[in-house]
Amino acid sequence: MKLSATMLSTLVVTAVLSTPVMAQKQTWTMTSTWPSSLELMQIDKHWVDLANQLTGDELKIDFFEGGSLVPSGEAFAAVESGTIQAAGDWPGYWAGRDPAFSPLGTHTSLFNAVDYINWIKEWGGDALFNEVYGKYGMVYLPYGVTNNESGFRTLQPIRNLEDLKGKRLRLSGLEQGKVLERLGGNQVSMAGQELYQALERGVIDGAEFSTPNVDVSAGLHQVTKYWATPGWHQSSSMFGVMINKEAWDKLSPETQAKLKIAADANLLWSMSFTEKRAIDGYQTFADAGIEINRMDDESLATIQNISNEVMVEVACSGPLAAKVYTSQVQYLADYKGWRDASAPFNLGRSPDGPDLDKLKACLK
């Protein structure tokens, strides 16, 4: 059959329209709230490396250490405005915007690392992260977790609650500051990279920052003599990446899925990596001759009771905060029977956390 010019033109157009169009490779700029001097930045970098390997020709993420593009405290606003596409963070830094960020980042004496993972993956936590960050035009991928933080690095020993009174302690977190104040201490807000000089000069009496290895990277073993354990102020901590929603929506569903896969893989890696590094950090403090003091059980029980009161107070200060806390404590209630029945071989203690009915009342 002989094709006419019109028929030939129609076939060519049809073929062109039916040929898949390769999406143009996108490039994102990403930063962190952590400078390179603090080991926490390794969690962000590891996710970027995984994401770049998985997405291949679809997306390239250019990563810059915290403070190199914008001040660390301005990373949230930079992603929200679209100035950059992404930033690694700790949610607790943004509790001044909405108290719901506080329980997304940590608690005093509640979740451990596996509790956070369980809650995120099977009890609706992932959706709540995105509901909170979604208010600010962002998508959030939780991709890092640590177990409890070191405790306080101090110039004078803290062995009990009496020793806390009057102490000026660097402490992050909305919930954490309220608990410390009720125990008689004074919260001082300060960036991690400022702690060395502040302790060296006696501007503060002590400081918490993170796990032992991160505290080593901040040089705290060189300027303190005592270590007060356990890290009741942050029984576990979450980290992740804030992504501008418009930038996220420009990705194909396949690329979005790959970024989520990278986040899940990073979440598991971060827990084992930071626990191994915590051992190394612990040994560094021990070798430096730091005196380690552990709070007695009675003091820890008092801290738990005050923490429970504060968690209810923070939950009732905003509708999203109430929603997050209620979901988390409901998870603990759901998990308690099996956890207790399998003790001591499951996930440790069942936290004696805040009253679930009081939290539910805040939802109304």
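Everything that follows concerns the structure shown earlier in this document.
Residues numbered from 1 in each chain as written. Predicted model: local features only at pLDDT ≥ 70, side-chain atom pairs only at ≥ 80, totals over all residues. Heavy atoms only, no water.

Novice: Explain the state of the cysteines to me, and be specific about the residues and the numbers.
Specialist: In a disulfide, the sulfur atoms of two cysteines are held together by a covalent bond. Enumeration over the complete set of coordinates arrives at 1 disulfide. Linked covalently through their sulfurs, Cys-316 and Cys-362 form a disulfide whose S-S length is 1.6 Å. Separated by 46 residues along the polypeptide, Cys-316 in the loop between helix H13 (297-315) and helix H14 (319-341) and Cys-362 in helix H15 (residues 356-362) bring together distant segments of the chain. A relative accessible area of 17% places Cys-362 in the buried class. (Disulfide = S-S within 2.5 Å. Helix = DSSP H or I, 4+ residues; strand = E, 2+ residues; numbered from the N terminus. Buried < 20%, exposed > 50% of the residue type's maximum accessible area, 1.4 Å probe, protein only.)

Novice: Talk me through the nonpolar core; I want residue IDs and the actual numbers.
Specialist: Grouped together as the largest cluster of nonpolar side chains are 61 residues, with contacts concentrated most on Trp-119, Tyr-133, Leu-164, Trp-232 and Met-242. For Trp-119, the contacting residues outside a window of four places in its chain are Leu-104, Phe-111, Gly-124, Gly-125, Leu-128, Phe-129, Val-324, Ser-327, Gln-328 and Tyr-331. Core analysis: the second largest hydrophobic core is formed by 40 residues, Trp-34, Met-41, Leu-59 and Ile-243 among them. (Core = buried A, V, L, I, M, F, W, Y, C linked by side-chain atoms within 4.5 Å. Contact = heavy atoms within 4.5 Å.)

Novice: Can you explain the pattern of salt bridges? Please cite residues and give values.
Specialist: Two side chains bearing opposite charge may form a pair once their charged atoms approach each other closely. Applying the stated rule across the entire model yields 20 salt bridges. Between Lys-245 and Asp-249 there is a salt bridge, and its shortest N-O distance comes to 2.8 Å. Of this pair, Lys-245 and Asp-249 both sit in helix H11 (residues 245-249), separated by 4 residues, roughly a single helical turn. Residue classification places Asp-249 among the partly exposed positions, given a relative accessible area of 44%. A salt bridge links Asp-340 to Lys-336, with the nearest nitrogen and oxygen atoms 2.8 Å apart. With a gap of 4 residues between them, Asp-340 and Lys-336 both fall in helix H14, about one helical turn apart. On the basis of relative accessible area, Lys-336 is assigned to the partly exposed category, the value being 42%. Among the ionic contacts, a cluster of salt bridges with common partners joins Glu-39, Lys-276, Arg-277 and Asp-280. (Salt bridge = Lys/Arg side-chain N within 4 Å of Asp/Glu carboxyl O.)

Novice: Tell me about the sheet that holds strand E3 (residues 86-89), and name the residues and values.
Specialist: Sheet architecture is open: 5 strands sit in the order E2-E1-E3-E10-E4, paired in mixed fashion. What marks the edges here is a single partner per strand, and that holds for strand E2 (59-63) and strand E4 (138-149). Each strand of the sheet is rotated relative to its neighbour by a mean of 20 degrees, with strand direction disregarded. Here 3 bridges tie strand E1 (residues 26-32) to E3, and the two strands are oriented parallel to one another. Paired with Ser-32 across the bridge in E3 is Gly-88. (Pairing = 2+ DSSP bridges. Axes fitted to C-alpha atoms, helices over the stretch in contact; angles between N-to-C directions.)

By themselves, these observations are geometric and do not establish any function.
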